[in-house]
Amino acid sequence: DAGVIQSPRHEVTEMGQEVTLRCKPISGHNSLFWYRQTMMRGLELLIYFNNNVPIDDSGMPEDRFSAKMPNASFSTLKIQPSEPRDSAVYFCASSSGDSPLHFGNGTRLTVT
Amino acid sequence: GEDVEQSLFLSVREGDSSVINCTYTDSSSTYLYWYKQEPGAGLQLLTYIFSNMDMKQDQRLTVLLNKKDKHLSLRIADTQTGDSAIYFCAESIGGYQKVTFGIGTKLQVIP
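All of these numbers come straight from a predicted model, not from anything done at the bench.

Conventions adopted
- Residues numbered from 1 in each chain as written.
- Chains lettered and ligands numbered in written order.
- Predicted model: local features only at pLDDT ≥ 70, side-chain atom pairs only at ≥ 80, totals over all residues.
- Heavy atoms only, no water.
- Phe/Tyr/Trp six-rings, centres within 6.5 Å; stacked < 30°, edge-to-face > 60°.
- Helix = DSSP H or I, 4+ residues; strand = E, 2+ residues; numbered from the N terminus.
- Buried < 20%, exposed > 50% of the residue type's maximum accessible area, 1.4 Å probe, protein only.
- Patch = residues over 30% accessible without salt bridge, like charges linked within 9 Å, V, L, I, M, F, W, Y side chains within 5 Å.
- Areas by Shrake-Rupley, 256 points an atom, 1.4 Å probe, with all protein chains shown as cover.
- Salt bridge = Lys/Arg side-chain N within 4 Å of Asp/Glu carboxyl O.
- Disulfide = S-S within 2.5 Å.
- Pairing = 2+ DSSP bridges.
- Axes fitted to C-alpha atoms, helices over the stretch in contact; angles between N-to-C directions.
- Contact = heavy atoms within 4.5 Å.
- Polar contact = N/O pair within 3.5 Å; in protein donor to acceptor, adjacent residues only side chain to side chain.

Asker: Got a sec to walk through the packing of aromatic side chains? Specific residues and values, please.
Answerer: With the rule as written, the count across this model stands at 13 aromatic pairs over all chains. Look at Phe103 of chain A and Tyr35 of chain B: their rings are 5.6 Å apart centre to centre, the planes differ by 80°, and that puts the pair in the edge-to-face class. One end of the pair, Phe103 of chain A, is in strand β10 (residues 102–103); the other, Tyr35 of chain B, is in strand β4 (residues 29–37), on a second chain. Accessibility classification places Phe103 of chain A together with Tyr35 of chain B in one group, the buried group. With centroids separated by 6.0 Å and ring planes inclined at 65°, the aromatic side chains of Tyr31 of chain B and Tyr48 of chain B adopt a geometry described as edge-to-face. Remark: Tyr48 of chain B occurs in strand β5 (residues 43–50) and Tyr31 of chain B occurs in strand β4; sequence separation between them is 17 residues.

Now the structure itself:
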């Protein structure tokens, strides 16, 4: 299995621009999670989906952040407009009912 | 509430044992995990333990759980330079769905 695939690996953008991060979960996994990792706050859960439905988005920091899962094999996390404080590594993870979380390699976002 | 705490840094000599400690606050935790993160990579699941277990051993790794004290530890025997990484303790409640991570312990292995 290819594992959780995230793209891009690195994203550098200017403040105010829209950023879209992408994730392909492991085939057969029915839960998908978006995490943000920073030095100051560690790993924070932003949102998670179960069977493509958002279950808990209480970790989404602001309305500038939105996430979608149009089908079982694809999810996006969008930031519009982006700000320098959004700079972080964003991880996608997936799991099924009988497995722990499996993480992608992350997208390192830098907003200048 | 959910809170997972671990020390930030540990330094050991190659060949020695490493012990990384973690405390958690939620007594209803179902599973407790150890993840490893190497530079530029995602989190890799090392091992996990069900909350009704006291110990789990997997090759060089030993996990000890003290449920009374809400204390979890990871022992790495014969630590190698390739073990240098950040180790995350995590807990989940009610299954795998919502996992809370500690801040991570950076393990430095000195040759």
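Asker: Account for a nonpolar patch on the surface, with residues named and values stated.
Answerer: On the surface, a nonpolar cluster with roughly 300 Å² of combined accessible area is contributed by Leu8, Phe9 and Ile103 of chain B. Mapped onto the secondary structure, Leu8 of chain B falls in the loop between β1 (4–6) and β2 (9–13).

Asker: I'd like a description of the state of the cysteines, backed by residues and values.
Answerer: Residues and elements named next belong to chain A. Enumeration according to the criterion identifies two disulfides over all chains in this entry. Across the disulfide, Cys23 is cross-linked to Cys92 (sulfur-sulfur distance 1.9 Å). Disulfide Cys23-Cys92: torsion about the S-S bond near -70°, hence left-handed. Taken as a pair, Cys23 in strand β3 (residues 19–24) and Cys92 in strand β9 (residues 88–95) lie far apart in primary sequence, 69 residues in all.

Asker: So, the sheet that holds strand β1 (residues 5–7) of chain A: which residues are in play, and what are the values?
Answerer: All names here are of chain A. Spatially, β1-β3-β8-β7 is the arrangement adopted by the four strands of the open sheet, whose pairing is antiparallel. Among the strands making up the open sheet, the edge pair consists of β1 and β7 (65–71). Direction aside, the axes of adjacent strands within the sheet are offset by 15° on average. Examined bridge by bridge, β7 and strand β8 (residues 74–79) share five bridges and lie antiparallel to one another. Within the sheet, the bridge partner assigned to Phe65 lies in β8 and is Ile79.

Asker: How would you explain the interface of chain B and chain A if you had to name every residue and give the values?
Answerer: Facing 16 residues of chain B, the contacting portion of chain A comprises 25 residues. The interface formed by chain B and chain A contains zero salt bridges. Counting across the interface, chain B meets chain A through five residue pairs in polar contact (both at pLDDT 80 or more). Contributing elements (two or more residues each) for the side of chain B that touches chain A: β4, β5 and β10 (99–101) of chain B.

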